[in-house]
Structure formats: C-alpha cells, structure tokens
Amino acid sequence: MVNNNQSKFNHFDKTMITKAQIKQFHNNGVLHLKNVMDKQQLALLRDIADSLEKQALSRQNKPLFDDSNISLELFTPVLHRIKHIHRHAPLSLLALLTSDQLNHIKSVLCSEDALPTAEMMIFKQALSQAEIPWHQDFIESSSANSIITIGIYLDDSQVGDGNVQFIPGTHNEKQDICRFIHGEKSLGELTEFDVQAGDIIVHNPMVVHRSGLMQQHQKRRTLYYEFRTQENIQSQSSWPAEFLDVRKKLMAVAEQYVKEAALSVSNDEVNMYQYVVEEIFQVKTPPIPANYCHIDR
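Just so it is clear, the model here is predicted, and its values are computed rather than measured.

Novice: What's the story with the environment of Gln236 in this structure? I'm lost.
Specialist: In this structure, Gln236 sits in the loop between helix 7 (230-235) and helix 8 (243-261). Once the C-alpha coordinates of Gln236 and Thr285 are considered, the two residues, 49 residues apart in sequence, prove to be 9.6 Å apart. A polar contact of 3.1 Å, which involves the side chain of Gln236, links it to the side chain of Asn232.

Novice: In this structure, what is going on with the sheet that holds strand 2 (residues 68-73)? I would like to understand it.
Specialist: Two pairing modes exist for strands in a sheet, parallel and antiparallel, and in both the strands are linked by backbone hydrogen bonds. Read across the sheet, 7 strands follow the order 1-9-6-11-4-3-2 without closing on themselves; strand pairing throughout is antiparallel. With partners counted over all chains shown, the strands left at the sheet margins are strand 1 (30-33) and strand 2, one partner each. Strand-to-strand twist across the sheet, computed as the mean angle between neighbouring axes with direction ignored, equals 20 degrees. Relative to strand 3 (residues 76-83), strand 2 runs antiparallel, the two sharing 6 bridges. By the bridge assignment for strand 3, Glu73 is matched with Thr76.

Novice: Please clarify how the sheet that holds strand 5 (residues 132-135) should be interpreted in this entry.
Specialist: Judged by pairing direction, the sheet is antiparallel, and its 4 strands sit side by side in the order 5-10-7-8 without closing on themselves. Single-partner strands in this sheet number two, and they are strand 5 and strand 8 (191-192). Pairing of strand 7 (residues 164-167) with strand 10 (residues 208-211) involves 4 bridges; the strand directions are antiparallel. If you follow Phe166 over to strand 10, its bridge partner there is His209.

Novice: Got a minute to help me understand the state of the cysteines in this structure?
Specialist: On inspection of all chains with the given rule, the structure shows 1 disulfide. A sulfur-sulfur separation of 2.0 Å characterises the disulfide bridge that pairs Cys178 with Cys293. Around the S-S axis, the bridge from Cys178 to Cys293 shows a dihedral of about 100 degrees and counts as right-handed. You can see Cys178 sitting in helix 6 (residues 177-181) and its partner Cys293 sitting in the segment after helix 9 (267-280), a full 115 residues away along the chain.

Novice: Please explain helix 9 as it appears in this structure.
Specialist: Side chains of residues three or four places apart in an α-helix project in the same direction, reflecting 3.6 residues per turn. Here helix 9 is 14 residues long and its end C-alpha atoms lie 20 Å apart, about the 20 Å a rise of 1.5 Å per residue gives. Buried within helix 9 we find Val270, Tyr273, Val276, Val277 and Ile280. The arc that holds every buried residue of helix 9, seen down its axis, measures 125 degrees, which confines them to one face. Opposite the buried face of helix 9, at more than 90 degrees from it, the exposed residues are Asn267, Asp268 and Tyr275. Turning to helix 9, the residues buried within the fold contact helix 8.

Rules of the game
- Along every chain, residues carry numbers that run from 1 in the direction the sequence is written.
- Given that the model is predicted, a residue must reach a pLDDT of at least 70 before its local features are reported, and side-chain atom pairs must reach 80 or more before they are shown or counted; all residues, however, enter totals for whole chains, interfaces and linings.
- With hydrogens and water stripped out, all remaining heavy atoms of the structure feed into the side-chain values.
- Elements are defined by DSSP. Helices are runs of H or I of four residues or more, strands are runs of E of two residues or more, and each kind is numbered from the N terminus.
- As used in this structure description, the phrase polar contact means that two N or O atoms lie within 3.5 Å; if the pair is within protein, one of them must be able to donate a hydrogen and the other to accept it, and residues adjacent in sequence are counted only when both atoms belong to side chains.
- By definition, two strands form a pair when at least two bridges between them are found by DSSP.
- Lines fitted to C-alpha atoms define the axes, with helix axes restricted to the stretch in contact, and inter-axis angles between N-to-C directions lie between 0 and 180 degrees.
- Disulfide assignment relies on a single distance test, namely cysteine sulfur atoms paired within 2.5 Å.
- Multiplying 1.5 Å by the helix residue count minus one yields the expected span of that helix.
- Exposed residues in this analysis have more than 50% of their type's maximum accessible area, buried residues have under 20%, and partly exposed residues fall in between, with area computed by a 1.4 Å probe over protein chains only.
- Think of it as the arc spanned by the lines of direction from the helix axis to the C-beta atoms.
- Only heavy atoms enter the contact rule, under which two residues are in contact if any of them lie within 4.5 Å.

Put into structure tokens, the structure is as follows:
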C-alpha cells in the first residue's frame, strides 16, 4: 500500500502574489517568489531528483535515458536535463500539479484554465561547460500572458554563480539576439536574483535570458513547468489534436490520485496509474525552436 500523506504541497499563502508583483511580472516578464516550498516539500523533491539522476546515468531505464540530456565531460557522464518528468518520477510528484502553489501562480499570472504543457528538471553541475547563451525560449504570436514557465529551485542559486540573468521587458516581441551579444543593443539593467532553495522564479518564455558557469555550488536542480491557456493550446496548429484532452486528463489523474492516496493506494492501483500516465505521455508535441543568435559577425 502507498500512503501519500508525506507528499502534499498545499502549505502556501494565497495572498503571497501582490498586485504590484503581478504588474511587475507583466512589465518585466519575470518574477521572484520567495519561500514557496517548505523543508518537507524540498526534501521530497530532492529525493526524487537524486533517484532520477542515478537511474538516468545508469542507462538501465531506457525510457528515462532517452528523455535525458547527458554529455561526457572528462570521461564522466554528466546529466543536464530530464524531460517529461512525470513519466519517470514517483506518482507522489503528481501532488505538485494539484498544489495550491502552482494553481495560484498559474491562475494569477496566466489563467485559471491553464494546463501544464511541458515539464522538465534541469541539472547544473559545478564547472560543467553547459553555459546557455542569450535566447528566447521560443517565439509566440498568441495573446500576452497566455504562457508562463514556473521554475522551482531545489538548491540555492546565488548572484554571480552562473544563475539565470534576464533582460526585463524583452518578452513582448521577437528580439534580434545578435544585437545584444555584439553590443549593438544595450542589455540595460539586467535582472538577476539571489535564489534560495524553495523559491520559485516565474518567467514569460519570450523574455531574453541566459545562464553562466556555476563554480561555488556542487549542484543545482530546477523543476520547470510550462503552463498555457487552453485557448493557446488550441491555437497551435502543429500540435496533435488530442494534446488538449490528454493534458486535461493528466490533471484529472493527478487530482484523483491525490484524493485516493490520502488514504492508501494498492500496488495494482499504482500500476494502473503508471499505465495511464505513460499513455498520456505518448502524445507529444513537435519541438519549438528557441531564438538564439545564429549569425557570426
């Protein structure tokens, strides 16, 4: 039997996001929320991250290995990313999808009907050469504030230690990234946060951002969720027609599992949930290219 009492994610002050912060997010394209996850929640997320990293690097779990981005550095395999995280994580992580934290953030900064459309965990290792240059995650023509990315920090991320830098106000249109890189357009006053484990950074995926080399910490894990309005999902002509339905189903499965697991879930029921989740993740969207500088000047 599986008990879910230790996996609840509902200790959150729903008044945390002020009107001033909402305005700041819409103006700048990024917002730092402090102390969103408590110690117990962080411990659960870190345990999941440690287990998934070990499994991904072992190559024994082929689906997990296929959903991972791993490079060889100094003859040592280094994990950088695991996508489709709920396909591989314990069912207890489903509680996060139904949590007060994520529900309030997506409702206030995006829409009450917004659904999770992508989820991944990013792993940053000390001195790993995985610097990410200035870019926009993708270019979106839909109405403003129809997409947000929620980054849940499992570890500290100090200013100056390779954490994410943002160019505020660059999220309203496609940017010529080369002009920023070659000094033809001012970077302006960059936004960089001193993030503590348990904090969340929400950003519009079109805000220009980068991250550098981490030297002071051994490891940094960030769990990312992309949320889109249902209208936005329906507007994506290249996406499978059934994608909206399976994403609604993912939320329904998460809600049902959390309710049942508050008491107990049998091993047969666990297998059933895992089978349904696997079916959901068989419906995938084509990759959307990011906007980088591709021109040498």
